2 protein chains.
Amino acid sequence: MAKRTVYCGKVSEDLLGEVITVKGWVQKRRDLGGLIFIDLRDREGIIQVVFNPDFSKEALEIAENVRSEYVLEITGKVVNRDASVINKNIATGMLEIEANEITILNKAKTTPFYIEDGVSVSDDKRMQYRYLDLRRPEMTKSFILRHEITKSIRNYLDNTGFIDIETPYLTKSTPEGARDYLVPSRVHPGHFYALPQSPQLFKQLLMGAGFDRYYQVVRCFRDEDLRGDRQPEFTQIDIETSFLEADEIQGFTEELLRKVMKETKGIDISLPLPQMSYDEAMSRYGSDKPDIRFDLELIQLNEIVKDSSFKVFSGAIENGGEVKAINAKGAANKYSRKDIDGLGEFVGRYGAKGLAWLKMEEDGLKGPIAKFFTEDAERLIAATNAEPGDLLLFVADKKSIVADALGALRNKLGKELELIDETRFAFLWIIDWPLLEYDEENGRYTAAHHPFTMPKESDIDKLTTSPGEVYAQAYDIVLNGYELGGGSLRIHTRELQEKMFAALGFSKEEAEEQFGFLLEALDYGFPPHGGIALGLDRLAMLLAGKENIREVIAFPKNGRASDPLTSAPSVVSEAQLDELSLATTRIEEETTEEE
Amino acid sequence: MAKRTVYCGKVSEDLLGEVITVKGWVQKRRDLGGLIFIDLRDREGIIQVVFNPDFSKEALEIAENVRSEYVLEITGKVVNRDASVINKNIATGMLEIEANEITILNKAKTTPFYIEDGVSVSDDKRMQYRYLDLRRPEMTKSFILRHEITKSIRNYLDNTGFIDIETPYLTKSTPEGARDYLVPSRVHPGHFYALPQSPQLFKQLLMGAGFDRYYQVVRCFRDEDLRGDRQPEFTQIDIETSFLEADEIQGFTEELLRKVMKETKGIDISLPLPQMSYDEAMSRYGSDKPDIRFDLELIQLNEIVKDSSFKVFSGAIENGGEVKAINAKGAANKYSRKDIDGLGEFVGRYGAKGLAWLKMEEDGLKGPIAKFFTEDAERLIAATNAEPGDLLLFVADKKSIVADALGALRNKLGKELELIDETRFAFLWIIDWPLLEYDEENGRYTAAHHPFTMPKESDIDKLTTSPGEVYAQAYDIVLNGYELGGGSLRIHTRELQEKMFAALGFSKEEAEEQFGFLLEALDYGFPPHGGIALGLDRLAMLLAGKENIREVIAFPKNGRASDPLTSAPSVVSEAQLDELSLATTRIEEETTEEE
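Residues numbered from 1 in each chain as written. Chains lettered and ligands numbered in written order. Predicted model: local features only at pLDDT ≥ 70, side-chain atom pairs only at ≥ 80, totals over all residues. Heavy atoms only, no water.

As recorded in an unreviewed UniProt entry, chain A goes by the name Aspartate--tRNA ligase, listed as coming from Carnobacterium divergens DSM 20623. UniProt's Sequence similarities (unreviewed entry) comment on chain A is quoted here verbatim: "Belongs to the class-II aminoacyl-tRNA synthetase family. Type 1 subfamily." Quoted verbatim from the Catalytic activity (unreviewed entry) field of UniProt, the annotation for chain A is "tRNA(Asp) + L-aspartate + ATP = L-aspartyl-tRNA(Asp) + AMP + diphosphate". (UniProt positions renumbered as here; feature names shortened; annotations may be inferred.)

Here you go:
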């Protein structure tokens with residue numbers, strides 16, 4: 001083989017007249033008037049190569065046998081294209097190579113789908129032939145972008161005193177949190193490791209060890225049912241520091257994000273980033289991760305409708321619930337009755353029993369429930385700022401259902417009404433989180449973040465008396481409606497950690513059994529500490545302008561947690577199971593994978 | 001809390017006269033003539049703080065209650081120490097802080113061992129209190145060094161066109177190679193993922209996808225019995241490239257290592273690194289990873305002893321084996337008969353039936369077998385370059401046993417005779433590896449590296465006729481007698497890959513079942529490719545001057561693959577097993593962990 005002198009996509013005018021060697025894949029071959037044109041592709045782009053019997057008969061003859069996706073090595077001179085065939089869509093579109101030599105490095109069968117952007121092919125087929133899917137320029141670009149993001153983050157942290165320390169993947173299973181992936185031990189029959197859901201305790205222990213500033217780009221594992229933005233394994237930028245206050249941790253996180261946005265997207269974001277309390281976010285947007293690129297806020301109407309003759313509204317309030325509305329400005333004509341029925345079904349998925357609506361016309365509010373609001377119409381119009389052409393949508397229910405239903409509806413309408421500036425990146429801190437959530441099903445409190453989160457100093461006493469009212473020193477960072485990451489100060493004394501476990505309903509024995517090593521560690525001079533973790537997959541997805549993290553994961557799993565390429569997971573031999581002292585109680589039949 | 005202005009270990013003369021705030025752990029407190037002296041430690045080092053009632057009575061009073069490993073915040077003025085108490089052993093030894101304010105950020109119980117270098121404590125106790133063990137300055141330093149190494153490697157690769165791409169940890173189990181760690185699937189009962197032993201196939205598929213230059217700092221997993229330099233999980237610098245020849249891959253690897261050595265150790269290594277064929281290494285050093293910091297080479301004596309009346313020697317040669325010797329220069333007086341018996345036991349562990357020996361004295365060779373060599377004494381002396389005072393040690397056996405036994409003995413003697421310059425870093429390429437090894441137990445060939453290794457072009461025909469004679473396009477990099485990494489060109493056509501699987505005794509069906517997706521991928525335009533993987537743990541261990549990779553792994557497992565800190569692995573609930581459709585057939589009793 002000759003050495004490559006330049007990537008196809010990097011052939012530039014500087015090389016005019018020079019003899020170069022490129023290597024890559026055949027994007028397209030055209031035969032035209034005794035000449036052959038080949039578009040040769042590599043990760044950086046495409047260059048046109050022309051074979052002409054005047055340059056080399058042998059090369060032309062070889063080129064005649066070349067087909068799409070063949071791997072070629074080509075040597076020839078860089079020249080300007082004829083003005084008539086300049087292609088302004090590609091970077092090298094002014095240039096071409098006059099081929100003197102060609103070597104077929106490998107052949108290719110006809111691929112199951114074309115290697116080009118925007119190709120229409122099922123997700124499972126894309127995953128089965130992932131190595132072909134990844135050849136598509138937009139995929140290649142996404143992974144180069146992902147690398148640029150990681151690099152930018154690492155450089156920032158490396159240059160500000162953070163130490164990258166690796167924590168184990170074979171760890172201990174703890175029943176708190178999501179479901180663990182387990183790994184049976186061969187040496188210890190009947191015992192299991194767990195793959196970490198996050199390196200939370202290890203990073204805290206590293207603070208106990210005095211490392212002061214730790215980071216890791218680390219894989220995390222959760223055996224949960226999958227959704228668009230979830231995968232069995234995902235990657236986290238994991239950060240922990242000692243001796244810093246929450247605002248300082250938020251401060252360097254902002255600097256980090258500013259650097260990433262500048263270096264990878266050329267976008268300047270201005271700091272400090274906006275902050276919003278959890279309560280405000282839930283109240284105004286019905287979400288703890290609001291997309292603030294558009295308004296369409298939730299309007300609370302309790303005062304106005306509490307005595308309404310419309311029992312759905314007044315009844316909800318009587319039962320301790322609330323009534324909220326969204327004013328979809330100018331949307332009255334865009335949604336037919338049938339469309340609105342569809343929206344009603346949509347909010348039903350979030351537990352709402354119904355979606356009431358009114359349209360504002362020149363002569364006032366119209367719609368099935370208008371008759372209940374003749375007296376309060378003025379106040380309702382004022383509160384919702386309703387103008388002719390507006391569509392008002394109401395949910396009356398328990399507070400949490402109202403928030404979930406209208407929060408989701410808001411996002412749906414934001415997209416449908418094209419209210420979102422897709423070029424914008426809107427970061428937002430959500431602060432002042434509740435420490436605990438009441439789990440009605442199990443009649444106990446669970447940690448809103450995790451059991452190691454520091455309560456607000458002033459709320460510590462309430463931990464035993466009214467745990468539901470305790471706020472946490474926690475902060476989430478939201479980007480365009482996605483939870484990009486979250487962090488908190490952590491508990492650093494045994495006394496408070498034991499109080500926290502008690503508030504979560506742990507007996508002393510349970511706390512000792514599961515987290516005894518942490519409690520003991522807190523006895524030996526633990527520094528005040530806190531940190532944050534950012535989801536790398538989501539960040540890369542958002543910056544790449546994609547809607548699913550699979551697009552930025554090289555070998556993702558499908559909706560059933562399988563890999564159609566390698567057929568993982570698979571049946572293993574009896575001998576392997578014997579060595580692990582395991583038996584399977586049920587074996588899934590081999591089936592055609594469907595998502 | 002006040003903000004820290006500087007790390008304890010970074011207080012310098014530049015700060016003289018300034019009021020600073022430091023935070024850290026109490027290394028030591030001394031009360032002296034009404035004053036209190038505290039050595040405060042953080043990850044960067046130690047600073048002395050003095051409490052004097054003239055500066056602050058309150059601070060002095062608080063300091064009176066402070067004990068070792070308390071976490072403190074201290075504010076005060078940087079001053080020069082009295083000339084009489086200057087400590088030249090630490091960087092800040094000329095300076096101290098006159099404390100005006102002190103805050104106890106956390107208390108500490110008496111630690112189970114002192115936080116200081118060289119402390120004598122069992123390995124399991126160190127691991128149980130790893131967060132304390134890691135506070136010891138030499139441990140902290142090792143992890144900072146490890147980070148510097150990773151950073152240096154990443155920067156090199158980032159700047160030379162490599163793209164960091166993450167590959168999955170939940171992959172498919174393949175029976176080739178070492179034992180897999182398995183992960184049961186909940187969604188697919190009776191099916192299992194495997195944790196990757198290396199991302200080998202994924203990195204090859206990334207070449208098929210056209211990424212051209214890939215790297216990843218990636219965890220790998222092998223469920224093997226543990227030794228000093230093995231852990232269940234370890235970290236690999238994983239590199240793959242397209243379109244390069246072996247010498248080009250070795251070339252950038254050398255540049256990478258030169259940069260790491262310069263940036264982390266300040267050492268210039270000269271390139272190109274020396275190369276040695278596998279056959280030569282085995283012949284001269286009895287090892288495929290020779291430590292070339294000392295000589296003590298193996299000397300083949302077949303010609304001289306083949307007709308010897310000493311049947312142990314002549315018989316070994318008759319049976320197709322060989323006789324080799326090491327000349328331990330000047331060691332005759334250092335090893336008594338009893339010592340030599342000990343060496344005999346040592347080589348016995350490598351299968352040698354005995355260790356013959358001779359001592360060279362002023363008047364010739366002496367020792368129990370000297371009588372057999374009266375005639376050939378001159379030739380023996382010449383061949384071994386024996387001079388008075390030398391000790392000759394012989395093994396006669398099958399070639400592989402001679403190599404193993406004398407190779408190990410060579411390393412042992414190298415240490416015992418202090419022949420090794422411990423400040424040296426001796427890199428060495430081992431090239432021209434055999435492609436296959438004959439597995440006598442199972443009567444078949446196995447891959448010397450892995451089944452995807454490219455044979456030498458000229459040997460491909462032998463793959464079907466005499467597979468044992470085929471050499472590989474493979475290269476290992478050795479540092480100070482440790483295998484630091486290895487790589488090869490890979491097979492990139494289906495035809496050759498199928499031939500390789502056949503040589504390994506796979507039926508067509510078995511090959512298809514296990515590696516069908518790879519074979520199929522090779523059909524679609526796979527580029528010529530190859531790469532290398534370097535063991536990060538070993539590299540960090542060697543550069544840190546340690547003898548066990550545990551010293552550079554933050555939370556390692558012990559000799560029984562357990563973590564004494566978190567008690568992983570552990571028993572899990574029946575509910576967890578039920579969800580995974582699993583039953584345990586045997587459960588280990590809880591025992592006191594011993595290594």
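Describe the packing of helix H14 (residues 494–503) of chain A against helix H15 (residues 508–522) of chain A, naming the residues involved and giving the relevant values.
Residue and element names in this part refer to chain A. Put simply, H14 and H15 touch, their axes get as near as 10 Å, and they point 160° apart. In terms of axis orientation, H14 runs roughly antiparallel to H15. As H14 packs across H15, the resulting crossing turns out to be right-handed. Taken together, the residues of H15 that come into contact with H14 (itself represented by Arg-494, Gln-497, Glu-498 and Phe-501) are Ala-511, Glu-512, Phe-515, Leu-518, Leu-519, Glu-520 and Leu-522. For the contact of H14 with H15, the class distribution of residues is six nonpolar, one polar and four charged. (Axes fitted to C-alpha atoms, helices over the stretch in contact; angles between N-to-C directions. Helix = DSSP H or I, 4+ residues; strand = E, 2+ residues; numbered from the N terminus. Parallel < 35°, antiparallel > 145°, perpendicular 65-115°, else oblique. Left-handed = near helix turned anticlockwise from the far one by under 90°. Contact = heavy atoms within 4.5 Å. Nonpolar A, V, L, I, M, F, W, Y, C, P; charged D, E, K, R; others polar.)

Which residues make up the pattern of salt bridges, and what values do they have?
Residues and elements named next belong to chain A. Applying the stated criterion across every chain, the model contains 104 salt bridges over all chains. A salt bridge links Asp-238 to Lys-203; the nearest nitrogen and oxygen atoms lie 2.9 Å apart. Of this pair, Asp-238 sits in strand E10 (residues 233–242) while Lys-203 sits in helix H5 (residues 200–208), and the two are 35 residues apart along the sequence. Note on accessibility: Asp-238 and Lys-203 belong to one class, buried. Among the charged side chains, a network of salt bridges with common partners joins Asp-123, Arg-126, Arg-130, Asp-133, Arg-136, Glu-138, Lys-546, Arg-550 and Glu-551. (Salt bridge = Lys/Arg side-chain N within 4 Å of Asp/Glu carboxyl O. Buried < 20%, exposed > 50% of the residue type's maximum accessible area, 1.4 Å probe, protein only.)

Break down the interface of chain B and chain A for me, with residues and values.
Taken residue by residue, the interface counts 127 residues in chain B and 127 residues in chain A. For the pair chain B and chain A, the two sides together bury roughly 11400 Å², of which 58% comes from carbon and sulfur. Considering only the side of chain B, the residues that lose the most area to chain A are B:Glu166, B:Phe243 and B:Tyr524, jointly responsible for 7% of the buried surface there. Summed over the shared surface of chain B and chain A, the result is 16 salt bridges. Put simply, chain B and chain A have 71 residue pairs in polar contact (both at pLDDT 80 or more) between them. Among the elements that line the side of chain B that touches chain A, the one with the most residues is helix H4 (residues 137–158) of chain B, at ten residues. Each residue belonging to the side of chain B that touches chain A can be placed in one class, and the counts come to 60 nonpolar, 30 polar and 37 charged. Direction of pairing for strand E23 (residues 582–584) of chain A relative to strand E23 (residues 582–584) of chain B: antiparallel, over a ladder of three bridges. Paired with A:Thr584 across the strands is B:Leu582, a residue of E23(B). (Buried area = accessible area lost by both parts, 1.4 Å probe. Polar contact = N/O pair within 3.5 Å; in protein donor to acceptor, adjacent residues only side chain to side chain. Pairing = 2+ DSSP bridges.)

Lay out the sheet that holds strand E5 (residues 95–106) of chain B with the relevant residues and their values.
All names here are of chain B. Overall, mixed pairing links the five strands, which are arranged E1-E2-E3-E5-E4 in a closed barrel. Neighbouring strand axes in the sheet, compared pairwise and without regard to direction, differ in orientation by 55° on average. Relative to strand E3 (residues 45–51), strand E2 (residues 35–42) runs antiparallel, the two being bridged by seven bridges. If you follow Ile-36 over to E3, its bridge partner there is Phe-51. Against the sheet, helix H1 (residues 57–64) makes contact with strand E1 (19–32), E2, E3 and E5, and its axis sits at roughly 60° relative to E5, the strand it touches most.

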